[in-house]
Amino acid sequence: MAVHIDTRRRVLINKLVMGVSTGAALAGLTMLVWILGDVALKGLSAINWDFFTKLPAPPGEEGGGLANAIVGTLILTVAAALIAVPFGVLAGTYLAEFGKTEKLGAAVRYVSDILVSAPSIVIGVFAYLVIVIPMGNFSGWAGAVALAIIMIPVVTRTTEEMLRLVPIEMREATLALGAPYWKMMLGVIYRAAATGMTTGILLAVARVSGETAPLLFTSLNSPYWLESLNEPIANLTVTLFNYAMSPYEDWQTMAWGAAFLITSSVLALTVFSRIILMKRMR
Amino acid sequence: MSRTATSESQIPEATAPRRAFGDVAFKAITTGFAVGILLLLGAMFFVLWRESALAIEAFGPGFLTSAKWNPVTEKFGALVAITGTLVSTVIALLVAVPVSIGIALFLAELAPEKIRTPFGVAIELLAAIPSIVYGMWGLFVLAPLMSAYLQPALGGLFGWTPFFSGPQMGIGMLTAGLVLALMIIPFIASVTRDVFRMVPAQLKESAYGMGATTWEVVKDIMIPYGRKGIYGAVFLGLGRALGETMAVTFVIGNAHRLNWSLFAPGNSIASTLANEFTEADGDLYLSSLVALGLVLFLITFLILGFAQLYLKRMSAPGSKG
Amino acid sequence: MRKQTVLTLLTTGALALAGVAYAGTTITGAGATFPYPIYSKWAHAYNQATGVKLNYQSIGSGGGVKQIKANTVDFGASDAPLKAKDLQQAGLVQFPMIMGGVVPVVNLLGIPSGKLRLTGPVLADIYLGKIKRWNDPAIAKINPGLTLPAAEIAVVHRADGSGTTWIFTNYLTKVSPAWADEIGNAKAVQWPAGMGGKGNEGVAAFVSKVNGSIGYVEYAYAKQNHMTVVTMQNHDGTFVAPTAANFQAAAEGADWKGTPGYYVVLTDQPGKNAWPITGASFILMHKKQRGPAQAAEVLKFLNWSYVNGNQAAMDLDYVPMPASVVTLVRQTWADEIKGAGGETIWPAN
């Protein structure tokens, strides 16, 4: 009899917990739809052909778009990736291949885990102090470096994890054929881990393309097309920040448009990389 | 997992009898970049330290314990900002951890097979939204709801404690903590789900076979089994919450005052930096702000350092999990 | 597929990094956020008229001062003027470019815009946390016709350091000894009461959401968001409304000529219609210019804006500088801004 009551209690608790966790999942999804819906609702009204093709207009003037900022954000992100990807991949390779037991490996792993959580605004301040001040002017480069610093630890750690997932048999087979270690890495291991590494890189790119704080004192912003990375360049996030803080309705609408564009492209990038990853997992 | 390099990465290196020049160069280059990461952190510390020298000289260790933040008289202390950073992070974790485990449980065990993937991806997408959007959403959508519903309810239940007293304006420590929780839930939930999935089926099935309920399997088998992974996820979220800037700034209320009530406005290190760095004039003011940044860096360093040590001890031979 | 992706990435990157070495005239300026919309509007029009590009970025007044000192920009902009001594030390020239007003706004059920009257000392006491309720006798005394609620006053201030706060606290410092004593005048202060909103936008959002609140925003925000504004008692004792004409009245009474470095703060100015919380935004340039041609381009743009930019300014709820002040400023350019060899860059009037 006691057993029976106990079972009932256990089933009840089970049901309760199951209900709560289903509720939590639903709440999470509700939040997502809510935030996205809000951004989409306010942002879509700003999105039109001009938004992608025209330069920004001052408040009170019809038309105008954020074409230069869209291009600028793309270029900044690509430049940051060009710095961070080789850096991160090589450092990650060290961690996976050589740094397992060495003290240096432990230290690097520890430091990259901390750098992942480094506040982006502090990184912006750092880039300002070491690049903008010595160079004497704000520049796209400074912004790219700041973004790269954010990306490097992410790329490093993903590379390490992905390289470690490569089955040991693959290494043994290659080495048994007499290939030198570096050839094995370039020809076999990187190739085997490529999809996973690409995903990691895309996620890192997605993370930095929504960053405002590190660009505020580095690449600044500009209302014109970019001419070189040695001058301030237009970008979406700083534009969003400036416009959202202005009193004029047309600029605020633009800001929501920028928010929508950033959010949807980051989401698209994330979904895209998830799909790659899932294909690979199968 | 079958045999992977995780456990035996040293074998190939050892089995290569001759080290060709290419191999030496390869190792040298990769080591160089790994050292580069250490140098990067070193450089950041050095620069922050150098720039905050003025403040450190002026206030000494009292900088950490003073609740003053007065740009007019140039008296600065980090206590309010440190407290705000820690309190908002703790609130975020208290909310995010149980909810995340609930979500993970749902995704790994409860949801019908068909909706698991889309649902899982959807949760992860929350992590992709730029933080400034969270901030604006928190200010315009969440804050009014807080003052209309949640705060009166909490005030009614726990108003006799100092933590839930005072005016219910929807802005303040509690709201900041909730927005932060929303931001870190996707991280913790998705990693926890992956961890749950890795629990060997035999383990779960034998428990089910003995008549355990789903909750009992989770509580007694899955959580202990995946403990390390879950802690790792929580620490990741913790790191995120500590340094979050934009989302917090919009809703924390930005007041340099200590207050017991979670309804009251407060301040965090990151939001103070975001608010005041561009407008700071005067060398001591600026230096104090950089010093705040340094403190945040050190806090992150310490907390994550302990976290990693803890994880390491857990994974050491002899311990379970 | 992978190779292609990498290739595409590389080519895009290479193209971007190579850049185009074409250099038209580009002027860069940075600083105060308050004049950002009007400077970008002027820049847009000037670019269409002359082809010269002006890139003004709002990084904050503090940033503007820092950047001009570090010589990373052609001109800096600040809402808080530098003292003559600081200008001297840094080798800078300062002059006013545009004006605006700071306006207290409230959210009180049943009280329409412009009906609530406040005096400087009462406003200071509210921000000091000494007056806690709307039906306080001090407020009731100057508002005999209004029924004021017993609600608690929710004080809202700026969270970020800002020129707006500088002007606002400058005013409170002038009219309230207690404020001057306990808090003082700065772009960010240790607020004794209330909560902080990020930017004008944040303050406006708090005030419009919280019943019984009071905040202060730039005039354009109050006007564009149709907020409930307050009527203030000015230096002469009259109660005035925040309007463009009243901001200009404050500027007219000021002694621009006799103040070195144009260190004129337009708060609490004499004049029957002068709005008491008015402020100007300033431009900072180096006295000794490394590139005289570049400096001449900057001055040409600024002069063009003085001459052709007034309508645009008023459309965006700014207040243009009076013509008499502009004449003084031109004289300053001629007298003080020189090339490396001491040559004049702007011809005398």
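Residues numbered from 1 in each chain as written. Chains lettered and ligands numbered in written order. Predicted model: local features only at pLDDT ≥ 70, side-chain atom pairs only at ≥ 80, totals over all residues. Heavy atoms only, no water.

Participant: Where do I start with helix 7 (residues 168-176) of chain A in this structure?
Facilitator: All names here are of chain A. Among all positions in helix 7, only I168, R171, T174 and L175 are buried. Relative to the axis of helix 7, the buried residues are bounded by an arc of 130° and lie together on one face. Downstream of helix 7 by one or two residues, G178 has phi in the positive range, about 95°. (Buried < 20%, exposed > 50% of the residue type's maximum accessible area, 1.4 Å probe, protein only. Helix = DSSP H or I, 4+ residues; strand = E, 2+ residues; numbered from the N terminus. Arc of directions from axis to C-beta.)

Participant: Explanation requested: the domain arrangement of chain A in the structure shown.
Facilitator: All names here are of chain A. Split into domains, chain A comes out as domain 1 (2-46) and domain 2 (49-281). Computed over C-alpha atoms, the centres of domain 1 and domain 2 are 33 Å apart. Each side of the interface is counted separately: domain 1 has 8 residues, and domain 2 has 9 residues. Taken together, the two surfaces of domain 1 and domain 2 that pack against each other cover about 710 Å², and 85% of this comes from carbon and sulfur. When the buried surface of domain 1 facing domain 2 is broken down by residue, V39, K42 and A46 rank first, second and third, together holding 58% of it. Applying the counting criterion to the domain 1 and domain 2 interface returns 0 salt bridges. (Domains from an automatic or database assignment. Contact = heavy atoms within 4.5 Å. Buried area = accessible area lost by both parts, 1.4 Å probe. Salt bridge = Lys/Arg side-chain N within 4 Å of Asp/Glu carboxyl O.)

Participant: I'm lost on the interface of chain A and chain B in this one. Help?
Facilitator: It is common to give the size of an interface as the accessible area lost on bringing the parts into contact. Each partner contributes residues to the interface: chain A has 88 residues there, and chain B has 82 residues. Taken together, the connections running from chain A to chain B amount to 2 salt bridges. Remark: the boundary between chain A and chain B carries 8 residue pairs in polar contact (both at pLDDT 80 or more). A breakdown of the residues in the side of chain A that touches chain B according to their chemical character gives 63 nonpolar, 13 polar and 12 charged. (Polar contact = N/O pair within 3.5 Å; in protein donor to acceptor, adjacent residues only side chain to side chain. Nonpolar A, V, L, I, M, F, W, Y, C, P; charged D, E, K, R; others polar.)

Participant: Would you explain the packing of helix 8 (residues 131-158) of chain B against helix 9 (residues 173-198) of chain B in this entry?
Facilitator: Relative placement of two packed helices is described by the angle separating their axes and the distance separating the axes. All names here are of chain B. Where helix 8 contacts helix 9, the axes come no closer than 9 Å and their chain directions differ by 125°. On the basis of the axis angle, helix 8 is oblique to helix 9. Crossing of helix 8 over helix 9 shows right-handed handedness. Note on element contacts: helix 9 touches helix 8 through L174, T175, L178, V179, L182 and M183, opposite S131, Y134, W137, G138, L142, M146, L150, Q151 and L154. (Axes fitted to C-alpha atoms, helices over the stretch in contact; angles between N-to-C directions. Parallel < 35°, antiparallel > 145°, perpendicular 65-115°, else oblique. Left-handed = near helix turned anticlockwise from the far one by under 90°.)

Participant: What am I meant to see in the pairing of strand 1 (residues 26-31) of chain C here?
Facilitator: The two faces of a sheet get side chains in turn, since along a regular strand they alternate between them. Residues and elements named next belong to chain C. Across the 6 residues that make up strand 1, a large majority, 5, are buried. Looking at chain direction, strand 1 and strand 2 (residues 53-58) are connected through 6 bridges and run parallel. Paired with A30 across the two strands is Q57, which belongs to strand 2. Sheet topology note: the strand 1/strand 3 (residues 75-78) ladder contains 3 bridges and is parallel. For A30, the partnering residue across the bridge sits in strand 3 and is G76. (Pairing = 2+ DSSP bridges.)

Participant: Sorry if this is basic, but what is going on with the side chain of Q289 of chain C here?
Facilitator: All names here are of chain C. Relative to the helices and strands, Q289 is located in strand 13 (residues 288-289). In terms of polar contacts, Q289 uses its side chain to reach the backbone carbonyl oxygen of H286, at 2.8 Å. Sequence-distant contacts of Q289, that is, excluding residues within four places in its chain, are made with A295, I337, K338, G339, A340 and I345.

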